[in-house]
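Here is how the chains run, residue by residue.
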Amino acid sequence: MNWLLVVAGAMIGAPLRYLTDRAVQSRHDSVFPWGTFAVNITGCLILGLVTGAASSHVQLLLGTGLCGALTTYSTFSYETLRLAETGAGLYAVANVAGSVTVGLGAASTGVWLTGAVWG
Amino acid sequence: MTAPDTESLSVRPRPARLPLLRGQAPVVAVVALGGALGATARYALTLGWPLQPGGFPWATFWTNVAGCAVIGVFMVVITDVWAAHRLVRPFFGTGVLGGFTTFSTYAVDFRELVDSGHTGTALAYLVATLLAALTAVWLAATATRRALNRRQR
C-alpha cells in the first residue's frame, strides 16, 4: 500500500514538473531556468503544508511521491553547471542563492500556514 | 519549443495550450514511468536508512548527490555521442533522475532540524548538500567529456 501511494504521487508529480517546465520555458527568453525554479519552490510550499498536518498515507502520496517527484535536485544542479559553463556565472549564483532561500521560505510558509489553520 | 501554427504572424501569438501538449502523450507517459521508478528507489533508501530525530539526513543527502553525479554523465553522453531514441532523455533524465532526487525534502528537512534546535546540523546539511551536489555534477560531466575525447582521438 505504502509503495503504491509513493508510485501514484510520483506519476503525477514527475509529468507535472515536465509540463510546468515546458510551459514556463516557452514564455520567457531569459537563460535563467525559471521552469525548474517554479516547480522546486511550489514543491517546497506543498511539502511544508503537508508536513505535520496530514496522515502518514497522505504524506506518502503528496510528500514522498508527488512533491519528491515534482521537485528535482539533479536538474537544478545540472542547469546551474550549464549556466556557469556558458559564461552566465551570475545567473548560476543567482539560481543557487534564489532556489535555496526562496525554497526554504516557501517550506516555512507552508508549515506556518498549516500551523495557523490547524493549530 | 512550440510548433508554428497557421495563425497570421502579425497577430501576437497567444500562449496556446494545445501546442504545448500536442504530441506529448508518449513523453508524459515515459516521464511518469521514470518518475515512479526514481521515487520508489528514493523511498527504498529512506526506509533502509531512516532519519533519526535531529540526525543528519544521510539518505536524502546521498540520493541527491548520486542523482547529480549520474545526470552529469548522462547529459554529456546523450548530448555529445549517443543518438538515443527521443524518449530516452525524458524517461531517464526528467523521469528517473528527477523523481529520484528531491528539492522539497531537502528544504523541509533543513527546517525541521532548525525547529528541533539542531541548527548546526541543519546548516551543515544545507551547505554540504549544495557543495557535494554541484561538485558531483561538475566532476561527472568533466570526467565524462575527457573520457569521450580520449576515446575519439
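Predicted model only: the values in this text are computed from it and were never measured.

**Focus: the overall build of chain A**
Link 1 in the chain: Helix and strand content of chain A: five helices and zero strands.
Link 2 in the chain: When the helices and strands of chain A are placed in sequence order, the string is α-α-α-α-α.
Link 3 in the chain: Look at the contacts in chain A between residues 6 or more apart in sequence, and 72% of them connect residues 24 or more apart.
Link 4 in the chain: Of the roughly 5200 Å² that chain A leaves accessible, carbon and sulfur atoms contribute 71%.

**Re the UniProt feature "binding site: Na(+)" (unreviewed entry) in chain B**
Link 1 in the chain: UniProt's entry tags Gly98(B) and Thr101(B) with the feature "binding site: Na(+)" (unreviewed entry), counted in the numbering of this structure.
Link 2 in the chain: Residue contacts for Gly98(B): discarding those within four places in its chain leaves Arg17(A), Gly68(A), Ala69(A), Thr71(A), Thr72(A), Ser74(A) and Gly93(B).
Link 3 in the chain: Along the polypeptide, Thr101(B) turns up in the loop between helix H4 (88–100) and helix H5 (104–115).
Link 4 in the chain: Apart from the residues lying within four places of it in its own chain, the contact partners of Thr101(B) are Gly68(A), Thr71(A), Thr72(A), Tyr73(A), Ser74(A), Arg42(B), Thr63(B), Asn64(B) and Gly67(B).
Link 5 in the chain: At a separation of 3.4 Å, a polar atom in the side chain of Thr101(B) contacts the side chain of Thr72(A).

**Comments concerning the interface of chain B and chain A**
Link 1 in the chain: Each partner contributes to the interface: chain B provides 49 residues, whereas chain A provides 47 residues.
Link 2 in the chain: Approximately 4000 Å² of surface area, both sides summed, lies buried where chain B meets chain A, with 73% of it carried by carbon and sulfur atoms.
Link 3 in the chain: For chain B, the biggest contributors to the area lost against chain A are Leu20(B), Tyr43(B) and Phe103(B); these three give 18% of the whole.
Link 4 in the chain: Counting the contacts that link chain B with chain A gives one salt bridge.

**Quick look at the UniProt feature "binding site: Na(+)" (unreviewed entry) in chain A**
Link 1 in the chain: As recorded in UniProt, the sites labelled "binding site: Na(+)" (unreviewed entry) are Gly68(A) and Thr71(A).
Link 2 in the chain: Its location among the elements puts Gly68(A) in helix H3 (residues 56–70).
Link 3 in the chain: Taking relative accessible area as the criterion, Gly68(A) reaches 0% and is therefore assigned buried.
Link 4 in the chain: The residues touching Gly68(A), leaving out its near neighbours within four places in the chain, are Gly63(A), Arg42(B), Gly98(B), Gly99(B), Thr101(B), Thr102(B) and Ser104(B).
Link 5 in the chain: Tracing the chain through its elements places Thr71(A) in the loop between H3 and helix H4 (74–85).

**Overview of the packing of aromatic side chains**
Remark: the centre distance and the inter-plane angle together describe each pair of aromatic rings, the angle taken between the planes.
Link 1 in the chain: Taken as a whole and judged by the stated rule, the model has 16 aromatic pairs over all chains.
Link 2 in the chain: On the numbers, 5.9 Å between centres and 65° between planes, the contact of Phe32(A) with Phe37(A) is edge-to-face.
Link 3 in the chain: A relative accessible area of 7% means that Phe32(A) is categorised as buried.
Link 4 in the chain: Between Tyr73(A) and Phe76(A) the ring centres are 5.3 Å apart and the planes differ by 85°, which places this aromatic pair in the edge-to-face class. With respect to class, Tyr73(A) is no different from Phe76(A); both count as buried.
Link 5 in the chain: A network of ring pairs unites the aromatic residues Tyr73(A), Phe76(A), Phe56(B), Trp58(B), Phe61(B), Trp62(B), Phe103(B), Tyr106(B) and Tyr125(B) as a single cluster.

**Side note on the packing of helix H1 (residues 2–25) of chain A against helix H2 (residues 25–48) of chain B**
Link 1 in the chain: Running from N to C, H1(A) and H2(B) cross one another at 135°; their axes reach a closest spacing of 7 Å. Taken together, the axes of H1(A) and H2(B) lie oblique to each other. Like other packed secondary-structure pairs, H1(A) and H2(B) cross with a definite hand, here right-handed. On H2(B), the residues that touch Asn2(A), Trp3(A), Val6(A), Val7(A), Ala10(A), Met11(A), Ala14(A), Pro15(A), Tyr18(A) and Leu19(A) of H1(A) are Val27(B), Val28(B), Val31(B), Ala32(B), Leu33(B), Gly35(B), Ala36(B), Ala39(B), Thr40(B), Tyr43(B), Ala44(B) and Leu47(B).

**Some details on a nonpolar patch on the surface**
Residues and elements named next belong to chain A.
Link 1 in the chain: Together, Leu45, Leu49, Trp112 and Leu113 line one region of the surface with nonpolar side chains, adding up to about 370 Å² of accessible area.
Link 2 in the chain: Mapped by element, the contributors of at least two residues to the nonpolar patch are helix H2 (34–50) and helix H5 (89–118).
Link 3 in the chain: Examined against the element boundaries, Trp112 turns out to sit in helix H5.

Reading guide: rules and limits
- Residues numbered from 1 in each chain as written.
- Chains lettered and ligands numbered in written order.
- Predicted model: local features only at pLDDT ≥ 70, side-chain atom pairs only at ≥ 80, totals over all residues.
- Heavy atoms only, no water.
- Helix = DSSP H or I, 4+ residues; strand = E, 2+ residues; numbered from the N terminus.
- Contact = heavy atoms within 4.5 Å.
- Areas by Shrake-Rupley, 256 points an atom, 1.4 Å probe, with all protein chains shown as cover.
- UniProt positions renumbered as here; feature names shortened; annotations may be inferred.
- Polar contact = N/O pair within 3.5 Å; in protein donor to acceptor, adjacent residues only side chain to side chain.
- Buried area = accessible area lost by both parts, 1.4 Å probe.
- Salt bridge = Lys/Arg side-chain N within 4 Å of Asp/Glu carboxyl O.
- Buried < 20%, exposed > 50% of the residue type's maximum accessible area, 1.4 Å probe, protein only.
- Phe/Tyr/Trp six-rings, centres within 6.5 Å; stacked < 30°, edge-to-face > 60°.
- Axes fitted to C-alpha atoms, helices over the stretch in contact; angles between N-to-C directions.
- Parallel < 35°, antiparallel > 145°, perpendicular 65-115°, else oblique.
- Left-handed = near helix turned anticlockwise from the far one by under 90°.
- Patch = residues over 30% accessible without salt bridge, like charges linked within 9 Å, V, L, I, M, F, W, Y side chains within 5 Å.

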